[in-house]
Amino acid sequence: MRALADQLYRALGSVSANIAEGYSRGGGRDRTRFYEYALGSARESRDWYFKARHLLGEAVTEHRMNLQTEVIRLLLTMIPDQRTHNLRDDTVAYAVADSPVP
């Protein structure tokens, strides 16, 4: 039981740590990499909750697995957005003036 609790604790801590680390990055590939690590840890956490279902009880397990599923959904939305972050051209378009440039 202690080993299961330790694994769950590490996996959950990794989710928040990688989200925080990724958020502090400039964006693009670097941020995406940390969000992908967080996604893997969120999926692992959900799996550990499932394995602990007999210890935690049905209501607690279902609630916590649903929370992890929501975190996974959010990360699955954020990751593709960050992958294309550096490919976007958000610069202001040049205006063409009616008068000639001096």
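What this report covers is the structure whose coordinates are included nearby.

Definitions and cut-offs
Residues numbered from 1 in each chain as written. Predicted model: local features only at pLDDT ≥ 70, side-chain atom pairs only at ≥ 80, totals over all residues. Heavy atoms only, no water. Phe/Tyr/Trp six-rings, centres within 6.5 Å; stacked < 30°, edge-to-face > 60°. Helix = DSSP H or I, 4+ residues; strand = E, 2+ residues; numbered from the N terminus. Lys NZ or Arg CZ within 6 Å of the ring centre and 35° of its normal. Axes fitted to C-alpha atoms, helices over the stretch in contact; angles between N-to-C directions. Parallel < 35°, antiparallel > 145°, perpendicular 65-115°, else oblique. Left-handed = near helix turned anticlockwise from the far one by under 90°. Contact = heavy atoms within 4.5 Å. Nonpolar A, V, L, I, M, F, W, Y, C, P; charged D, E, K, R; others polar. Core = buried A, V, L, I, M, F, W, Y, C linked by side-chain atoms within 4.5 Å. Buried < 20%, exposed > 50% of the residue type's maximum accessible area, 1.4 Å probe, protein only.

Side note on the packing of aromatic side chains
(1) Moving on: For the structure shown, the criterion picks out one aromatic pair.
(2) Moving on: Ring geometry for F34 versus Y37: centroids 5.8 Å apart, planes at 85°, classification edge-to-face. Separated by three residues within a single helix, F34 and Y37 lie in helix α2 (residues 28-51), roughly one turn from each other.
(3) Moving on: Cation over ring: K51 sits above W48, and NZ or CZ is 4.3 Å from the ring centre.
(4) Moving on: When the ring centre of F50 is taken as reference, the NZ or CZ atom of R53 above it lies at 3.8 Å.

Topic: the packing of helix α1 (residues 2-23) against α2
The angle between the axes and the distance between the axes are what describe a pair of packed helices.
(1) Moving on: Two elements in contact, α1 and α2, have axes whose closest approach is 8 Å; the angle formed by their N-to-C orientations is 155°. Classified by the angle their axes make, α1 and α2 are roughly antiparallel. As for the relative orientation of α1 and α2, their crossing is left-handed in sense. Packed against α1, whose contacting residues are L4, Q7, L8, A11, L12, S14, V15, N18, I19, E21, G22 and Y23, the element α2 presents R31, F34, Y35, Y37, A38, S41, A42, E44, S45, W48, Y49 and K51 at the interface.
(2) Moving on: Among the residues forming the contact of α1 with α2, the class breakdown is 14 nonpolar, six polar and four charged.

Focus on the nonpolar core
(1) Moving on: Of all hydrophobic cores here, the largest spans eight residues; its members are V15, Y35, A38, L39, A42, I72, L75 and I79.
(2) Moving on: Only α2 and α4 (58-83) provide two or more residues apiece to this core.
(3) Moving on: In terms of residues, this core owes the most to one element, α2, which gives four residues.
(4) Moving on: Apart from residues lying up to four places away in sequence, L39 is in contact with I72, L75, L76 and I79.
(5) Moving on: Ranked by size, the runner-up nonpolar core spans six residues in total, among them L8, A11, Y49 and A52.

Here we look at the environment of A52
(1) Moving on: Note that A52 resides in the loop between α2 and α3 (53-56).
(2) Moving on: Taking relative accessible area as the criterion, A52 reaches 2% and is therefore assigned buried.
(3) Moving on: Among residues more than four places away in sequence, those in contact with A52 are L4 and T61.

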